[in-house]
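What the coordinates show
Now for the letters of each chain:
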Amino acid sequence: MSELTDLYQEVILDHNKRPRNFRKLEAFNRTAEGYNPLCGDRIHLFLEVEGDRIKEIGFQGSGCAISKASSSIMTAEIKGKTKNEVGLLFQRFQEMVTGDPTDRTRPENLGNLAVFAGVREFPSRIKCATLAWHTLKAALESRDKTVSIEEVRWKKRIRQPTDLRRR
Ligand code: ZN
């Protein structure tokens, strides 16, 4: 498991250092900004949507390594996909990062997005990892405003570790 964790960390650090699609598109028809006040992460997404498909995507912003890597990996994974496919990915990603922290199974069908599985052990980082996705959702729904991640209702699934339970 630790080898897998190291590999995941390497991918995150790489995307933080060399973010993919880190640019403002010259032609875009959807855009949204996202802000995570807990950590100070900011993202500005630009999309070129054609019909039902995301033809091109770019982002700019600043923030912690997790938020930046998450934005970078998200843009790489969703380019060329339909809105429905992206919706399903978001759902699975959300379930993964808010899942049971003691669950060590390797997430399937998530491609590079699986590198964020470890985030579920650190509840304060979940918002860093999902900011890009909430911003993407706002852009696709063309809500012309900045989304603050505080507006999102989070699933309260943080459990007490067993050794802290009263005996
Ligand atoms: Zn952050």
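Computed from a prediction, not measured in an experiment: that's the story for all the values here.

Looking at the confidence of the model for the chain
Per-chain confidence: the chain averages 85 in pLDDT, with 83% of residues scoring 70 or above. The spread of mean pLDDT over the elements of the chain runs between strand β4 (residues 146-148), the lowest at 61, and helix α2 (residues 65-78), the highest at 97. Between residues 151-167, whose pLDDT stays under 50, and residues either more than four places distant or in other chains, the model counts 15 contacts.

A closer look at unusual backbone geometry
The phi dihedral of asparagine 21 falls on the positive side, at around 60 degrees, and the residue is not glycine. Turning to its location among the elements, asparagine 21 is positioned in the loop between α1 (2-17) and β1 (30-36).

Some words on the packing of helix α3 (residues 83-97) against helix α4 (residues 123-140)
Two elements in contact, α3 and α4, have axes separated by 11 Å at closest approach and are oriented at 160 degrees. Here α3 lies roughly antiparallel to α4, going by the angle between them. By crossing handedness, the relation of α3 to α4 is classed as left-handed. Two secondary-structure elements touch here, α3 through Lys83, Val86, Leu89, Phe90, Phe93, Gln94 and Val97 and α4 through Ile126, Ala129, Thr130, Trp133, His134, Leu136, Lys137 and Leu140. Taken together, the residues that form the contact of α3 with α4 break down as ten nonpolar, three polar and two charged.

Concerning the coordination of the zinc ion
In this structure, Cys39 (SG), Asp41 (OD), Asp41 (OD), Cys64 (SG) and Cys128 (SG) serve as the protein donors to the zinc ion, at separations of 2.2 to 2.7 Å. Site description for the zinc ion: donor spacing in sequence, C-x1-D-x22-C-x63-C. Of this pair, aspartate 41 sits in strand β2 (residues 41-50) while cysteine 64 sits in the loop between β3 (53-62) and α2; the two residues are 23 residues apart in sequence, bridging distant segments of the chain. Side by side, aspartate 41 and cysteine 64 carry an identical accessibility label, which is buried.

Examining the layout of surface pockets
Within this model, the largest pocket holds a volume of roughly 470 Å³. Class assignment for the residues of the lining of the largest pocket results in 13 nonpolar, four polar and six charged.

Remarks on α3
Taking 1.5 Å of rise per residue, the 15 residues of α3 would be expected to cover 21 Å, and the 21 Å separating its terminal C-alpha atoms lies within 8% of that figure. Of the positions making up α3, those classed as buried are Val86, Leu89, Phe90, Phe93, Gln94, Met96 and Val97. One side of α3 carries all its buried residues, which in axial view fall inside an arc of 155 degrees. Contact partners of the buried residues in α3: β3, α2 and α4.

Considering the pairing of β1
Burial of the side chains of β1 is restricted to one face: Arg30, Ala32, Gly34 and Asn36 are buried, whereas none of Thr31, Glu33 and Tyr35 on the reverse face is. Relative to β2, β1 runs antiparallel, the two sharing seven bridges. Residue pairing in the sheet places glycine 34 in a bridge with isoleucine 43 of β2.

Describing the nonpolar core
One finds Leu47, Ile78, Phe116, Trp133 and Leu136 to be the most contacted residues of the largest nonpolar core, which totals 40 residues. Of all the secondary structure elements, the ones that give two or more residues to this core are α1, β2, β3, α2, α3 and α4. With ten residues, α4 is the largest single contributor of residues to this core.

What to know about empty space enclosed by the protein
The probe, sized like a water molecule, is rolled over the atoms to show the empty space still left. For the structure on display, the rule yields one cavity of 30 Å³ or more. Contributing elements (two or more residues each) for the lining of the largest cavity: β2, β3, α2 and α4.

Structural notes on the environment of lysine 79
By secondary structure assignment, the location of lysine 79 is in the loop between α2 and α3. Judged by relative accessible area, which is 32%, lysine 79 ranks as partly exposed. Separated by 26 residues in the primary sequence, lysine 79 and arginine 53 have C-alpha atoms spaced 8.5 Å apart. Apart from the residues lying within four places of it in its own chain, the contact partners of lysine 79 are Asn21, Ile54, Lys55, Glu56 and Ile57. Reaching out from lysine 79, the side chain makes a polar contact with the side chain of glutamate 56 at a distance of 3.0 Å.

About the criteria used
Residues numbered from 1 in each chain as written. Predicted model: local features only at pLDDT ≥ 70, side-chain atom pairs only at ≥ 80, totals over all residues. Heavy atoms only, no water. pLDDT = per-residue confidence, 0-100. Helix = DSSP H or I, 4+ residues; strand = E, 2+ residues; numbered from the N terminus. Contact = heavy atoms within 4.5 Å. Axes fitted to C-alpha atoms, helices over the stretch in contact; angles between N-to-C directions. Parallel < 35°, antiparallel > 145°, perpendicular 65-115°, else oblique. Left-handed = near helix turned anticlockwise from the far one by under 90°. Nonpolar A, V, L, I, M, F, W, Y, C, P; charged D, E, K, R; others polar. Donors = N, O, S within 2.8 Å, 3.2 Å for Na, K, Ca; no water. Buried < 20%, exposed > 50% of the residue type's maximum accessible area, 1.4 Å probe, protein only. 1 Å grid on protein atoms, 1.4 Å probe; cavity = no way out; pocket = protein on both sides within 12 Å on 5 of 7 lines; lining within 4 Å. Points joined across faces, edges and corners; volume = space filled by probe spheres on them. Expected span 1.5 Å × (residues − 1). Arc of directions from axis to C-beta. Pairing = 2+ DSSP bridges. Core = buried A, V, L, I, M, F, W, Y, C linked by side-chain atoms within 4.5 Å. Polar contact = N/O pair within 3.5 Å; in protein donor to acceptor, adjacent residues only side chain to side chain.

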